[in-house]
Every structure is written in C-alpha cells, then in structure tokens.
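Structural overview
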Amino acid sequence: QVEVKKYVLPKFQTTIKAPAFVSKTQSNVAFEVCGRYSYGKDVNGMLTMKICRHTSSNTMYSSGPGRRVIIPAVRKCLRNTRPVSGCTRFRVPERDLGGFKDIRKYPNTKISIEAEIEESATGVKMAAVMAEKVVGMHDVKLSFEGYEDVFKPGFNHRVKLTAAYLDGTPVERLTVKVKATAQTT
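Calculation rules
- Residues numbered from 1 in each chain as written.
- Predicted model: local features only at pLDDT ≥ 70, side-chain atom pairs only at ≥ 80, totals over all residues.
- Heavy atoms only, no water.
- Core = buried A, V, L, I, M, F, W, Y, C linked by side-chain atoms within 4.5 Å.
- Buried < 20%, exposed > 50% of the residue type's maximum accessible area, 1.4 Å probe, protein only.
- Helix = DSSP H or I, 4+ residues; strand = E, 2+ residues; numbered from the N terminus.
- Contact = heavy atoms within 4.5 Å.
- Pairing = 2+ DSSP bridges.
- Axes fitted to C-alpha atoms, helices over the stretch in contact; angles between N-to-C directions.
- Patch = residues over 30% accessible without salt bridge, like charges linked within 9 Å, V, L, I, M, F, W, Y side chains within 5 Å.
- Areas by Shrake-Rupley, 256 points an atom, 1.4 Å probe, with all protein chains shown as cover.
- Salt bridge = Lys/Arg side-chain N within 4 Å of Asp/Glu carboxyl O.
- Disulfide = S-S within 2.5 Å.

1. Quick look at the nonpolar core
Generally speaking, nonpolar side chains in soluble globular proteins are found buried as a group. Ile16, Phe31, Val33, Leu47, Ile51 and Ile117 are the most contacted members of the largest nonpolar core, which totals 22 residues. Contributions of two or more residues to this core are made by strand 1 (12-17), strand 3 (28-37), strand 4 (44-54), strand 8 (87-93) and strand 9 (110-119). Beyond its immediate chain neighbours, meaning those up to four positions away, phenylalanine 31 contacts Ile16, Lys17, Ala18, Pro19, Met49, Ile51, Thr88, Arg89, Phe90, Val92 and Ile113.

2. Some remarks on the pairing of strand 11 (residues 133-136)
Of the strand pairs in this sheet, strand 2 (residues 22-23) and strand 11 are connected by two bridges, and their pairing is parallel. Residue pairing across strands places valine 22 opposite valine 135, the latter belonging to strand 11. Alignment of strand 9 against strand 11, held across two bridges, turns out to be antiparallel. Within strand 11, the position partnered with isoleucine 111 by the bridge is lysine 133.

3. Some words on the sheet that holds strand 8
Pairing is antiparallel across the open sheet formed by three strands, whose spatial order is 1-3-8. Because the sheet does not close on itself, it has two edges, and the strands there are strand 1 and strand 8. Recorded for the sheet is a direction-independent mean angle of 15° between the axes of neighbouring strands. Relative to strand 3, strand 1 runs antiparallel, the two being bridged by six bridges. Bridged to isoleucine 16 within strand 3 is valine 33.

4. Digging into a nonpolar patch on the surface
Taken together, the side chains of Leu142, Phe144, Tyr147, Val159, Leu161, Leu174, Val176 and Val178 present a nonpolar region at the surface, about 700 Å² in accessible area. Summarising the element assignment, leucine 142 is placed in strand 12 (residues 140-145).

5. What to know about the state of the cysteines
For the coordinates displayed, the defined rule picks out two disulfides. The disulfide partner of cysteine 34 is cysteine 87, and the S-S distance across this bridge is 2.0 Å. Its S-S torsion of approximately 110° makes the covalent link between cysteine 34 and cysteine 87 right-handed. A residue pair is termed long-range when its members are at least 10 positions apart, and cysteine 34 in strand 3 and cysteine 87 in strand 8 qualify at 53 residues. Residue classification places cysteine 87 among the partly exposed positions, given a relative accessible area of 28%. Residue cysteine 52 pairs covalently with cysteine 77 via a disulfide, S to S 2.0 Å. On the sign convention where negative means left-handed, the S-S torsion of about 110° between cysteine 52 and cysteine 77 marks this disulfide as right-handed. Of this pair, cysteine 52 sits in strand 4 while cysteine 77 sits in strand 7 (residues 75-85), and the two are 25 residues apart along the sequence.

In structure tokens:
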C-alpha cells in the first residue's frame, strides 16, 4: 500500500550582509543578500531588493550669521529584481543614491536595505530588512580619553587619543597630527 502526502519544502531565511558602517568617503555601498533553507541549501527564486538613502525631514543649517536655510527631506531609492540561487552581491555607486558629498547639509543621512526572495518552486516569500546605517562624515572617529575639564598651567597634562572605525573597531597604524593650543583669560 502506497500513501501520498503533500510535500512541503522546509522554511528558508533571507538575510542581508551589510557593511558595518557607511561613510561619505565611500564610492560604493556593497552588500550581499542570501536565501538559504534551514538545512543550509541555497534557495532558487526571484530576489527583489530596494536600497534607499534618506534624510530627516526639513534639515536646517546655517549659511552665515543670522541666516538659516531649510533643506527638504531627501529619499532616493533603487530597486532591482533578479534571479537568485543562494547569495547575490550588490555594489551600488553612491552617485546612484544621490551622492554623499552633501552630507554636511544632511547630517542624519541614512541607508536602508530591504530584500525579498520568492522561492520559484512554491512561490513562498521571505523578506529581510537591514537596520538603518547612518552615513558618517569620516571613516574614523577620534576621541580623547582620560582628560580633566580643568587644565592647570605648568602641570603635565596627559590625554589618550583613540581612533576607531564607525563600528567601534580600533584602527591600527593611523598617523594623526595633533596641535595643542592654550588660551588664557
């Protein structure tokens, strides 16, 4: 005796592997979208991806003493649909997202990525959304540690300057030029 049952493919997961940080000095935003079954096999299907650059609404900045300029919010998105088998890498030029050079006008510029894979065998769709990444002014953040609020002239004053990438990873072999000045009142 033979029994026939409906076969249901195992669930799969869509993931986005994005850079740890995005800075205005980057010429591309690179990321990877993957679709894998729970047991590790690649998913075959159609990938629909959307990457957006957006800013806070009505950013205000000063263009001189007593002058304020209100810049309207920007939202620039790119969409792409393509067949996928497992993972697909993307490299999106920053100019296609409206560029990052105007980051001073838009200090809260963010990048977001959404991806959805539709399995070709069943039509089941699984989506993933990447947490927004703030576009930084620089690749490296410098910060001082161990300094006091009060400087006493004539006494040694030691501080530690740390350099880390925007994701907090320490920078190795970075040359930094430091200039110290003092004012007396």
